[in-house]
Amino acid sequence: GPLVDPNLSLMTGPVNVPLEIHIPALEIRAPVIGVGLTENNAMASPRGSRENDPIWQTIFWYRGGGIPGNPGMATFAGHYDDTLGRPAVFAYLGELQIGNLITVRDVWSGLAIPFIVTETRSYTEAEAADPAVLARVFGTGSGGDAEAQPMADQVSQLTLITCGGTWIDGSFNLRLVVYATRASYPN
């Protein structure tokens, strides 16, 4: 069945989903929660209320996007650091190399879907707000230009997003995005 209730509004708060992400190169094994959008149409990434809140080590799946392993783009985000500036789940995301493995595991079935890193990119906040970049990060399923990319829509892809760069005026000035493509397909 679906990971989340398809009738659930994207404005609703986080929901549990039966997924785990493993990134062996970074020694990450983290639970996933499904998140929607804020009033500003940004991906809603919950922040911890205290320094040892498990949310800092939790990965957020954007439930308005693709389902991991299905054709299309599944988008995940994680915090760079906690309120005390200590490393959060995606603190070392920038160290991932092309060819590194990212596995999305269904904790109910035990099924693990492998993805291979194809690219890492840093975007400024202005670049990250560009519709073309947003379409690339979140997939083009809802965009009008999906017709132009029929192949990309048939491939199962994922993106991992975190903050990067320097902390300026209450936020980091870069967005780091890791792009990955499903490693193997059933015949």
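Time to look at the overall build of the protein chain. What the protein chain contains, in helices and strands, is three helices and eight strands. If you list the helices and strands of the protein chain from N to C, you get β-β-β-β-β-β-α-α-α-β-β. In the protein chain, buried positions account for 40% of the 187 residues. A separation threshold of at least 6 residues defines the contact pool for the protein chain, and within that pool the share at least 24 residues apart is 59%. Here the protein chain displays about 10000 Å² of accessible surface, and carbon together with sulfur accounts for 52% of that area.

Turning next to the packing of aromatic side chains. Under the criterion given, the structure shown has one aromatic pair. Their ring planes at 85° and their centres at 5.5 Å tell us that Y62 and F138 sit as a pair that is edge-to-face. Of the two residues, Y62 sits in strand β3 (residues 59-62) while F138 sits in helix α2 (residues 131-138), which places them 76 residues apart along the sequence. Its relative accessible area of 10% is what places Y62 among the buried residues. Residue class for F138 comes out partly exposed when judged on its relative accessible area of 24%. The aromatic ring of Y179 is capped on one face by R136, whose charged end is 3.7 Å from the ring centroid.

Moving on: the nonpolar core. By size, the foremost hydrophobic cluster in this structure holds 28 residues, and its most contacted members are I102 and L160. For I102, the contacting residues outside a window of four places in its chain are I21, H22, I23, L96, I113, P114, F115, V117, L158, L160, V178 and A180. Grouped together as the second largest cluster of nonpolar side chains are 16 residues, V35, M43, F60 and V133 included.

Across all of its chains, the model carries six salt bridges by this definition. Here R105 and E20 are joined by a salt bridge, their closest N and O atoms 3.2 Å apart. One end of the pair, R105, is in strand β5 (residues 101-106); the other, E20, is in strand β1 (residues 15-23), and 85 residues separate them in sequence. E20 sits in the buried class, given a relative accessible area of 18%. In this structure, R175 and E125 form a salt bridge, with 3.6 Å as the shortest nitrogen-oxygen distance. Taken together, the residues span a long stretch of sequence, with R175 in strand β8 (residues 171-182) and E125 in helix α1 (residues 125-128) at a distance of 50 residues. Exposure remark for R175: the relative accessible area of 22% places this residue in the partly exposed category. Via salt bridges that share partners, E119, R121 and R136 belong to a single interconnected network.

Further remarks concern the environment of I23. Position of I23 among the secondary structure elements: in strand β1. The class of I23 is buried, set by a relative accessible area of 0%. Each C-alpha atom of the pair I23 and L101 lies 6.3 Å from the other, and the pair is 78 residues apart in sequence. Sequence-distant contacts of I23, defined by excluding residues within four places in its chain, comprise I28, F90, L96, L101, I102 and L160.

For the rest of this paragraph, the subject is the confidence of the model for the protein chain. Per-residue confidence for the protein chain gives a mean pLDDT of 85, with 86% of residues at or over 70. At the low end of the mean pLDDT range in the protein chain sits helix α3 (residues 150-154), at 60; at the high end sits β5, at 96. Contacts of residues 142-149 to residues separated by more than four positions or lying in other chains number four contacts, the stretch itself having pLDDT below 50.

With that settled, consider the environment of Q154. With respect to the helices, strands and loops of the structure, Q154 is situated in helix α3. With 84 residues separating them in the primary sequence, Q154 and N70 have C-alpha atoms 8.4 Å apart.

A few words on α2. Because each turn of an α-helix spans 3.6 residues, side chains separated by three or four positions end up pointing in the same direction. Between the side-chain oxygen of the N-cap and the backbone nitrogen of A132 there are 2.7 Å, and the N-cap of α2 in question is D130. Phi turns positive, to about 90°, at G139, one or two residues after α2.

On to the side chain of R63, then. With respect to the element layout, R63 can be found in the loop between β3 and β4 (72-77). At a separation of 3.2 Å, a polar atom in the side chain of R63 contacts the main-chain carbonyl oxygen of G13. In this view, R63 contacts V4, L8, S9, L10, T12, G13, P14, V15, G34, V35 and G36; residues no more than four positions away in its chain are not counted.

Conventions and cut-offs
- Residues numbered from 1 in each chain as written.
- Predicted model: local features only at pLDDT ≥ 70, side-chain atom pairs only at ≥ 80, totals over all residues.
- Heavy atoms only, no water.
- Helix = DSSP H or I, 4+ residues; strand = E, 2+ residues; numbered from the N terminus.
- Buried < 20%, exposed > 50% of the residue type's maximum accessible area, 1.4 Å probe, protein only.
- Contact = heavy atoms within 4.5 Å.
- Areas by Shrake-Rupley, 256 points an atom, 1.4 Å probe, with all protein chains shown as cover.
- Phe/Tyr/Trp six-rings, centres within 6.5 Å; stacked < 30°, edge-to-face > 60°.
- Lys NZ or Arg CZ within 6 Å of the ring centre and 35° of its normal.
- Core = buried A, V, L, I, M, F, W, Y, C linked by side-chain atoms within 4.5 Å.
- Salt bridge = Lys/Arg side-chain N within 4 Å of Asp/Glu carboxyl O.
- pLDDT = per-residue confidence, 0-100.
- Polar contact = N/O pair within 3.5 Å; in protein donor to acceptor, adjacent residues only side chain to side chain.

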